[in-house]
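# Observations on the three-dimensional arrangement
The primary structure of each chain is shown beneath.
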Amino acid sequence: MRKVLFAVSEWGYWGEELIGPLEACDQAGYEVEFVTPTGARPSPLAVSMSPGFVDPPQGKSVTSDEMARKTRELDASDRLDKPHDLAGWLPERPYPSSPTYLRDSEEYYRTIERVVTHDLPAYDALVIVGGSGAMVDLANNQRLHELILGFVRLDQPVAAVCYGVAALAFARDPLRKLSIIRGKRVTGHPIDYDYHDGTGFEGPHALDGSNRGFGDGYVNFGPPFYPLEFILRDAVGPDGEFIGNVGHAESVIVDHPFITARSTESSVGCGRALVDVLGQGLRRYGW
């Protein structure tokens with residue numbers, strides 16, 4: 001049986017961006033496990049369960065009645081109750097200023113090697129779920145970067161949706177210090193889809209009472225922290241390409257071992273591509 005690991009933010013995931021690839025895996029008979037940065041149960045963004053919410057850049061609702069219902073049902077189930085704890089699984093990268101930096105580094109890489117050779121072969125693919133929360137605790141999460149590098153080293157596919165693609169841009173080849181997607185074709189949340197205001201975060205950390213903003217557990221940061229399209233264009237370099245497919249209903253790119261999906265509307269397509277990669281050996285699609 002295939003087994004797929006889903007990395008999900010603790011600051012709010014977009015429902016469809018989890019449901020799309022998750023349903024594809026379920027329908028293909030794959031086993032699915034979840035991992036979050038600290039092992040907390042992830043929560044969906046409320047607007048991803050609200051069909052009446054109008055996405056400002058697109059001027060329309062991007063949440064269907066069906067996806068809203070499926071997101072609520074998943075959130076009400078016990079399926080997300082016990083995700084793996086990424087912080088407890090992979091170590092923190094040592095600080096160079098530590099007086100024991102060299103010994104700490106040796107232990108760090110011994111542990112990473114053990115995870116890659118012992119733990120990760122149990123999985124056939126990694127999926128990084130999108131939503132605004134991915135900007136907070138997935139994009140620059142060094143432990144997640146090591147996880148991505150491990151899957152790439154094992155030649156196992158890594159799929160990412162929307163803002164989840166940022167983690168691919170920031171994951172570094174340890175020898176060349178270049179993004180792991182250097183020279184690749186990718187898609188992701190384009191500048192045309194970026195908010196001018198209303199980028200919000202929710203979840204167990206926002207709900208602890210210390211980060212309340214414009215609502216119960218909701219924090220509004222205005223525009224997104226960064227324009228993902230620009231970051232991706234820089235990360236792929238002159239031999240790669242960012243493909244936004246703006247104006248097209250869907251944008252899913254496969255450039256092995258990476259599967260990238262533009263945004264909410266491409267989540268189902270991401271799941272379809274993942275199954276084709278795992279089941280049929282698909283290595284290139286969409287470009």
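Parameters at a glance
Residues numbered from 1 in each chain as written. Predicted model: local features only at pLDDT ≥ 70, side-chain atom pairs only at ≥ 80, totals over all residues. Heavy atoms only, no water. Salt bridge = Lys/Arg side-chain N within 4 Å of Asp/Glu carboxyl O. Helix = DSSP H or I, 4+ residues; strand = E, 2+ residues; numbered from the N terminus. Buried < 20%, exposed > 50% of the residue type's maximum accessible area, 1.4 Å probe, protein only. Pairing = 2+ DSSP bridges. Expected span 1.5 Å × (residues − 1). Arc of directions from axis to C-beta. Axes fitted to C-alpha atoms, helices over the stretch in contact; angles between N-to-C directions. Parallel < 35°, antiparallel > 145°, perpendicular 65-115°, else oblique. Left-handed = near helix turned anticlockwise from the far one by under 90°. Contact = heavy atoms within 4.5 Å. Nonpolar A, V, L, I, M, F, W, Y, C, P; charged D, E, K, R; others polar. Patch = residues over 30% accessible without salt bridge, like charges linked within 9 Å, V, L, I, M, F, W, Y side chains within 5 Å. Areas by Shrake-Rupley, 256 points an atom, 1.4 Å probe, with all protein chains shown as cover. Disulfide = S-S within 2.5 Å.

As recorded in an unreviewed UniProt entry, the protein chain goes by the name Intracellular protease/amidase, listed as coming from Actinoplanes campanulatus.

So, about the pattern of salt bridges. With the rule as written, the count across this model stands at 17 salt bridges. One salt bridge connects Glu146 with Arg93, and the closest N-O pair in it is separated by 3.7 Å. Highlighted residues: Glu146 in helix α6 (residues 142-153) and Arg93 in the loop between α3 (86-89) and α4 (101-119), separated in sequence by 53 residues. Assessed through its relative accessible area of 33%, Arg93 is described here as partly exposed. Salt-bridge contacts for Arg262 lead to Glu265; the nearest nitrogen and oxygen are separated by 3.0 Å. Classification of Arg262 as buried rests on a relative accessible area of 0%. The exposure class of Glu265 is partly exposed, given its relative accessible area of 25%. Here the salt bridges share partners, and the residues they tie into one network are Glu23, Glu66 and Lys70.

Let us look at the sheet that holds strand β7 (residues 158-161). Taken in spatial order, the eight strands of this open sheet run β5-β2-β1-β6-β7-β13-β12-β14, and their pairing is mixed. A single partner strand is all that each edge strand has here, and the edge strands are β5 (84-85) and β14 (284-285). Here β7 pairs with strand β13 (residues 258-261) via four bridges, running parallel. Bridge pairing links Val158 to Phe258 in β13.

Taking 1.5 Å per residue as the helical rise, helix α2 (residues 65-76) with its twelve residues ought to reach 16 Å, and the 16 Å between its terminal C-alpha atoms agrees with that figure. Every buried residue of α2 is listed here: Met67, Ala68, Lys70, Thr71 and Leu74. Seen along its axis, α2 keeps its buried residues to an arc of 165 degrees; they face one direction. With respect to the buried face of α2, the exposed residues turned more than 90 degrees away are Asp65 and Ala76.

Across the two faces of β7 the burial is the same, with Val158 and Ala160 and Ala159 and Val161 all buried. The pairing of strand β6 (residues 125-128) with β7 spans three bridges and is parallel. Bridge pairing in β7 links Ile128 to Ala160.

This paragraph deals with the packing of helix α1 (residues 15-27) against helix α9 (residues 267-280). With their axes 7 Å apart at the nearest point, α1 and α9 run at an angle of 30 degrees to one another. The angle between α1 and α9 falls in the class roughly parallel. The handedness of the crossing between α1 and α9 comes out as right-handed. Across the interface between the two elements, Glu16, Glu17, Gly20, Pro21, Ala24 and Cys25 of α1 pack against Ser267, Val268, Gly271, Arg272, Leu274 and Val275 of α9. Here the residues of the contact of α1 with α9 sort into six nonpolar, three polar and three charged.

What follows deals with a nonpolar patch on the surface. Judged by side-chain polarity, Val136, Phe221 and Phe225 come together as a nonpolar surface patch covering roughly 270 Å² of accessible area. Looking at the element boundaries, Phe221 is found in the loop between β10 (219-220) and α8 (228-236).

Next up on the list: the environment of Gly39. If you trace the backbone, Gly39 turns up in the loop between β2 (31-36) and β3 (54-55). Residue Gly39 is classed as partly exposed on the basis of its relative accessible area of 25%. In this structure, the C-alpha to C-alpha distance between Gly39 and His84, residues 45 residues apart in sequence, is 5.4 Å. Beyond its immediate sequence surroundings of up to four residues, Gly39 is in contact with Glu10, Pro83, His84 and Asp85.

Another aspect to go through is the side chain of Ser179. Residue position: Ser179 is located in the loop between α7 (166-170) and β8 (185-186). When near neighbours in sequence (up to four residues on either side) are disregarded, Ser179 contacts Leu168, Ala169, Ala171, Arg172 and Ala235.

By the definition in use, this model includes zero disulfides. With no disulfide of its own, Cys25 lies closest to Cys270 among cysteine sulfurs, the gap being 8.9 Å. Of all cysteine sulfurs, the one in Cys270 lies closest to Cys162, which takes part in no disulfide; the gap is 11 Å. For Cys162, a relative accessible area of 3% gives the class buried.

A few words now on α9. With 14 residues, α9 ought to run about 20 Å at 1.5 Å a step, and its terminal C-alpha atoms sit 19 Å apart, in line with that. Every buried residue belonging to α9 is among Ser267, Gly269, Cys270, Gly271, Ala273, Leu274, Val277 and Leu278, and all of these are buried. Of the residues flanking the end of α9, it is Gly281, one or two places downstream, whose phi is positive at about 75 degrees.

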